[in-house]
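Commentary on secondary and tertiary structure
The primary structure of each chain is shown beneath.
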Amino acid sequence: MIAFLMFQLGPEQGASLFDFFKQAGPVAKIILAGLTVMSLGSWAVMIGKLIQLRRADEQSEKFLEAFHRSQRFSEVNSQAGKLRASPLVGIFQAGYAEIDSQIKNAQGAETGDRKAYRITSLPALQRTLTRSASVELQTLAKWVTFLATTAAAAPFIGLFGTVWGIMDAFRDIGMTGSTSIVAVAPGIAEALINTAAGLGAAIPALIGYNYFSHRVRTLRSRLEDFALEFLNLAERNFT
């Protein structure tokens, strides 16, 4: 967005906004450079999240199919290693490891095959699943807050650059004593570049933040549902 603005031609003199940028003062250049970095960072986050969530959705569907088709958790675990992009895999593996640990502890304390394959603490398994779901959500939501920061801060940073540029423009007017539009327009145009750049960085970031926040909330519900399903199966088969 900012790169697009930089190369639009002026209506009268044919000068591009990049020419105004070259003529701007050091403060305006620093602000515009910072906004450009924020904009590029936002687009990188959005593209990366789209790829990450698309892979997560695809592999989650495959994992759920294997999970519902298999008769034993060990069979699911053998398939889980191929679908690590799915957040459901992380929850399953954490729960499976907790069940395995509890069964091994029970084997050391109990005799008889039937008692040996029972878990000793269902609340401990529930805590493990909850903690794992939280970790997976943190991974999915990583860098999304950068979009919120860009959406909130970029317009104000751009406005600061505009105010600073207008101050410079009025200072030049005072020094030259000329109020001609020909003398004033370039300085005002320089100042307004930062406002345009701030909005150009903020608008896509705001849209991206709202979209990915919705996706993360949807995934949170899906992870919680899977954790409950896993817990129900564990309670039915190992208690």
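These notes cover the structure that comes with them. (Residues numbered from 1 in each chain as written. Predicted model: local features only at pLDDT ≥ 70, side-chain atom pairs only at ≥ 80, totals over all residues. Heavy atoms only, no water.)

1. What about the overall build of the chain?
Stated precisely, the cut-off is as follows: Each helix is a run of H or I in the DSSP string that is no shorter than four residues. Each strand is a run of E no shorter than two, and both are numbered from the N terminus. Any residue under 20% of the maximum accessible area for its type is buried, any over 50% is exposed, and the rest in between are partly exposed; the area is computed with a 1.4 Å probe on protein chains only. Note on contacts: a residue pair qualifies if any of its non-hydrogen atoms lie within 4.5 Å across the two residues. Surface accessibility follows the Shrake-Rupley procedure with a 1.4 Å probe radius. Residue values consider only the protein chains on display as shielding.
Across its full length, the chain holds 9 helices and 0 strands. Counting helices and strands in the order they occur from the N terminus, the chain gives α-α-α-α-α-α-α-α-α. Counting across all 239 residues of the chain, residues that qualify as buried make up 36%. Pairs at least 24 residues apart make up 76% of the contacts formed inside the chain by residues separated by at least 6 positions. As presented, the chain carries roughly 14,000 Å² of accessible surface, and 61% of it is formed by carbon and sulfur atoms.

2. A closer look at the packing of helix H3 (residues 26-69) against helix H4 (residues 73-80)
Heads up, the condition is: Fitted lines through C-alpha atoms serve as axes, helices being fitted only where they are in contact, and the angles separating the N-to-C directions of these axes extend from 0 to 180 degrees. Any angle that is under 35 degrees is reported as roughly parallel, and any over 145 degrees as roughly antiparallel; angles of 65 to 115 degrees are reported as roughly perpendicular and all others as oblique. Left-handed is the label given to a crossing in which the near helix is rotated counterclockwise from the far helix by less than a right angle, and right-handed is the label when the rotation is clockwise. Under this grouping Gly is polar, as are all residues other than the nonpolar Ala, Val, Leu, Ile, Met, Phe, Trp, Tyr, Cys and Pro and the charged Asp, Glu, Lys and Arg.
Axis separation between H3 and H4 bottoms out at 9 Å; the angle between their running directions is 160 degrees. Judged by the angle between their axes, H3 and H4 are roughly antiparallel. Here the hand of the crossing between H3 and H4 comes out right-handed. Facing H3, whose interface residues are Phe63, Ala66 and Phe67, H4 presents Phe73, Val76, Gln79 and Ala80. The class makeup of the residues in the contact of H3 with H4 is 6 nonpolar, 1 polar and no charged.

3. Points about the packing of aromatic side chains
Quick note on the threshold: We call Phe, Tyr and Trp rings a pair once their centres come within 6.5 Å, taking the six-membered ring for Trp, and we label the pair stacked below 30 degrees between planes, edge-to-face above 60, and tilted otherwise.
Across all of its chains, the model carries 14 aromatic pairs by this definition. Between Phe67 and Phe226, the ring centres sit 5.0 Å apart and the planes meet at 65 degrees, which makes this aromatic pair edge-to-face. Here Phe226 lies in helix H9 (residues 181-238) and Phe67 lies in helix H3, a separation of 159 residues in the sequence. Accessibility expressed as a relative area gives 5% for Phe67, which makes it buried. Judged by relative accessible area, which is 3%, Phe226 ranks as buried. When the centroid spacing of 5.8 Å and the interplanar angle of 90 degrees are considered together, the rings of Phe73 and Phe92 count as edge-to-face. Residue Phe73 is found in helix H4, and its partner Phe92 is found in helix H5 (residues 87-109); the two are separated by 19 residues along the sequence. When sorted by exposure, Phe73 lands in the same class as Phe92, which is buried. Ring pairs connect the aromatic residues Phe63, Phe67, Phe73, Phe92, Tyr96, Phe226, Phe230 and Phe238, which therefore count as one cluster.

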